Amino acid sequence: VKKLLNGRSLVLVGMMGVGKSTVGRRLAKKLSLPFVDADEAIEEAAGMHISEIFENFGESYFREGETRVIQRLIAEGPAVIATGGGAFINDITRQSILDSSLSIWLNADINILVDRVSRRNHRPLLHGKDPETVLRDLAEKRDPFYAKADYMVMSNNAPHERTVSEIFATLL
Ligand code: S3P
């Protein structure tokens, strides 16, 4: 896998709740690469929680910052980078990732995502709304973009360790 990466970063994309951060952290450990969560890097750069950025400045401001932070993380690489669910939908962010890194769409059935985000919901896009309706709607719009990633791996109900093995099997 290291050979395939050839000094590039490995970037995980996909819907919120699919497990990009947990899987990414384990993947990084196995590859002896640093792990970076793009959402956390944005919060650090802004000195604010993501929900506060959305509230105070709106989504398009958030997306501009997201693009800049992801471009910086890629430049600082190589690393395993977990991106927020909307990052790969933005044309500039997606192109930066595709041009420089190996990307994996971590995918799962919608009912599994609904289950996962309903348990712990801190996401501004879901705030006060029915998670199932929002997630179905988002997935329908976003899946064609996620499909542009270099690889796709299903995570469904497998333990994260299995998903990591699945990723290795896909890349080998
Ligand atoms: C978003 C997903 C979140 C975060 C922000 C917007 C999205 O990241 O970036 O709330 O547009 O799907 P996660 O995918 O880590 O939840």
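Predicted, not measured: the structure shown is a model, and the values here were computed from it.

(A) Summary view of the sheet that holds strand E4 (residues 102–107). Strand order in the open sheet formed by five strands is E2-E3-E1-E4-E5, with parallel pairing between adjacent strands. The open sheet has two free edges, formed respectively by strand E2 (35–37) and strand E5 (151–154), since each of these has just one partner strand. Within this sheet the neighbouring strands show an average axis-to-axis angle of 25°, counted without direction. Alignment of E2 against strand E3 (residues 80–82), held across three bridges, turns out to be parallel. Counterpart to Phe35 in the pairing with E3 is Val80.

(B) Representation of the site of the ligand within the structure. Close contacts around the ligand come from Met16, Asp39, Ile50, Gly84, Gly85, Gly86, Arg123, Pro124 and Leu125, and that covers them all. Residue composition of the shell around the ligand, by class: four nonpolar, three polar and two charged.

(C) Summary view of the pairing of E4. Of all six residues in E4, five are buried; the element is thus mostly enclosed. Relative to E4, strand E1 (residues 10–13) is paired through four bridges, and the arrangement is parallel. Along E4, the bridge assignment pairs Leu12 with Ile104. Inspection of the sheet shows E4 paired to E5 by four bridges, in the parallel sense. Across the sheet, the residue bridging to Trp105 is Met152, located in E5.

Rules used in this analysis
Residues numbered from 1 in each chain as written. Predicted model: local features only at pLDDT ≥ 70, side-chain atom pairs only at ≥ 80, totals over all residues. Pairing = 2+ DSSP bridges. Helix = DSSP H or I, 4+ residues; strand = E, 2+ residues; numbered from the N terminus. Axes fitted to C-alpha atoms, helices over the stretch in contact; angles between N-to-C directions. Near = placed C-beta within 6 Å. Nonpolar A, V, L, I, M, F, W, Y, C, P; charged D, E, K, R; others polar. Buried ≥ 20, exposed ≤ 12 C-beta atoms within 10 Å, placed from the backbone.

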